[in-house]
Amino acid sequence: MRSWQVLNLWGIPFKIHSNWFILSFLFSWLVSAEVNFTSGEVYTLRESWLIAFTTVFLLLGLIIFNQIIHTYFCIREGMKIKNITFYFLGAILQTEKDCDNPIGNIKISLVRPFLYLLSFLVLIFIISITDSKDQLYLNIITRLSNLILYLGIFNLLPIGSLDGGVLFRSIVWYLSGSKTKGRYSLNTITLSFSLVVFVIGLFFIFNVSFLFGISLSMLGILGINSARSDNQFLKIENILKNTEIGSLKLKSLRRIEFDLNFKDLNNLAKQNDDKTQKYYFITNNGRWGGFLTEDNLKDVPMRKWHKTFVSKFERPMNEFPTQVESKPLWKIIEALEDTSEGIL
């Protein structure tokens, strides 16, 4: 889905994802319904929608303002950010380089919750000093302050990429001196916390509030899936980190000289234990020229094998499946999977 750029600061584009508008409307509808249900005798239907939409757009403004300050601190701590996309109730940062020390990450993780708390206190202060008797105005400011407080508390939960998760991981990293241990510890607590939230959500579904219970259960499922994915990633990363090239079982490419005849090629083919690897790469005094396969043996009668040379059936190297060095590794893996022999 499309995103729209709303700002560009420090060379970083700030975008709003299109699903923000859909979720904002749904949230506004829920707020409007709640206002009508609890204060229908005070507000008209039009006023309830006005409260809902104004609250949502002021909330977006505060989130963007807080994210700008948060981004400034990220840059100060050495992070390189490609872009920032705002989804409903939060933002996702696409980074090129993360902060490489635990203290810097602790500072970064505390900025946004602190800003949310400060925003809450400012809004409460505005409510306390206002002389306005306008219930509509007070309702919007009060509702906005509550949402900001909830966001601040939610961000401090020790889950995945939330500020609380980054804070927990960074503290473990600082105390243990191991970034990997911090990541494993966060993964464990994310999984445990998500399981508890999921169970609580099930209880709420059947005993308290169906909608709130569904929300908690979905949050728990997202946390569980996130923990499982991160755990798999950590295992793969650990294997790659601790595996030396010499210990890998690599297939050696079979090279033959251009003046080899088909009789000798057939003898080589008989010695081939790996029947999936049919390629032979033709060289001329060490220089790679082209390739052929064992199937070419079928193109020549056996009585002519002794005087037929492999160079006659040589195919140029540019016909062989090839990839450039600069291509991302995941694309190379996809290309390998598309080849029948797994050779590039």
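A brief look at the structure comes next. (Residues numbered from 1 in each chain as written. Predicted model: local features only at pLDDT ≥ 70, side-chain atom pairs only at ≥ 80, totals over all residues. Heavy atoms only, no water.)

What follows deals with the nonpolar core. Counting residues in hydrophobic clusters, the biggest one holds 26 residues, and the most contacted among them are Leu 59 and Phe 86. Elements represented by at least two residues in this core include exactly β2 (12–17), α2 (45–76), β3 (80–87), α3 (102–129) and α4 (135–155). No other element matches α2, which puts seven residues into this core. For Leu 59, the contacting residues outside a window of four places in its chain are Leu 89, Leu 144, Leu 147, Ile 148 and Leu 151. Counting twelve residues, the second-largest nonpolar core is a separate cluster that includes Tyr 280, Ile 282, Leu 292 and Val 300. (Core = buried A, V, L, I, M, F, W, Y, C linked by side-chain atoms within 4.5 Å. Buried < 20%, exposed > 50% of the residue type's maximum accessible area, 1.4 Å probe, protein only. Helix = DSSP H or I, 4+ residues; strand = E, 2+ residues; numbered from the N terminus. Contact = heavy atoms within 4.5 Å.)

Bringing the pattern of salt bridges into the picture now. Taken as a whole and assessed by the stated rule, the structure comprises one salt bridge. Here Asp 163 ties to Arg 112 by a salt bridge, and the two come within 2.9 Å at their closest N and O atoms. Taken together, the positions of Asp 163 in helix α5 (residues 163–176) and Arg 112 in helix α3 put the pair 51 residues apart, joining distant regions of the chain. (Salt bridge = Lys/Arg side-chain N within 4 Å of Asp/Glu carboxyl O.)

Before going further, it helps to spend a moment on empty space enclosed by the protein. In the structure shown here, the tally under the stated rule is one cavity of 30 Å³ or more. Taken together, Trp 20, Val 56, Leu 59, Leu 60, Ile 63, Phe 88 and Leu 89 make up the full set of residues lining the largest cavity. Examining the composition of the lining of the largest cavity, we find that four residues originate from one element, α2, more than from any other. Residues belonging to the lining of the largest cavity are distributed by class as follows: seven nonpolar, no polar and no charged. (1 Å grid on protein atoms, 1.4 Å probe; cavity = no way out; pocket = protein on both sides within 12 Å on 5 of 7 lines; lining within 4 Å. Points joined across faces, edges and corners; volume = space filled by probe spheres on them. Nonpolar A, V, L, I, M, F, W, Y, C, P; charged D, E, K, R; others polar.)

Turning next to the pairing of strand β1 (residues 3–9). Across six bridges, β1 lies against β2 in antiparallel orientation. If you follow Asn 8 over to β2, its bridge partner there is Pro 13. Where β1 folds back on β2, the antiparallel hairpin that results is connected by two residues, among which Trp 10 adopts a positive phi of roughly 55°. (Pairing = 2+ DSSP bridges.)

Glancing now at the pairing of strand β7 (residues 287–293). Of the pairings in the sheet, the one linking strand β6 (residues 279–284) to β7 comprises six bridges and is antiparallel in character. Paired with Tyr 280 across the bridge in β7 is Leu 292. Counted along the chain from β6 to the antiparallel partner β7, the turn is two residues long, and its residue Asn 285 has a positive phi close to 55°. Judged from the two bridges that link them, β7 and strand β8 (residues 315–316) form a sheet pairing that is antiparallel. Each residue of the ladder has a partner; that of Gly 290, found in β8, is Pro 316.

Here we come to the packing of α3 against α4. When two helices pack together, their arrangement is given by the angle between the helix axes and by the axis-to-axis distance. Here α3 crosses α4 at 160°, and the two axes come no closer than 8 Å. One finds that α3 runs roughly antiparallel with respect to α4. For the pair α3 and α4, the crossing hand works out as left-handed. Across the interface between the two elements, Arg 112, Pro 113, Tyr 116, Ser 119, Phe 120, Leu 123, Ile 124, Ile 126 and Ile 127 of α3 pack against Tyr 137, Leu 138, Ile 141, Thr 142, Leu 144, Ser 145, Ile 148, Leu 149, Leu 151, Gly 152 and Asn 155 of α4. Grouping the constituent residues of the contact of α3 with α4 by class yields 14 nonpolar, five polar and one charged. (Axes fitted to C-alpha atoms, helices over the stretch in contact; angles between N-to-C directions. Parallel < 35°, antiparallel > 145°, perpendicular 65-115°, else oblique. Left-handed = near helix turned anticlockwise from the far one by under 90°.)

Taken N-terminus to C-terminus, the directions of α2 and α4 make an angle of 45°; their axes are 9 Å apart at the nearest point. What the angle tells us is that α2 and α4 run oblique. Remark: the crossing between α2 and α4 carries right-handed chirality. Residue-level inspection shows Glu 47, Leu 50, Ile 51, Thr 54, Thr 55, Leu 58, Leu 59, Leu 62 and Ile 63 of α2 in contact with α4, the latter providing Leu 136, Asn 139, Ile 140, Arg 143, Leu 144, Leu 147, Ile 148 and Leu 151.

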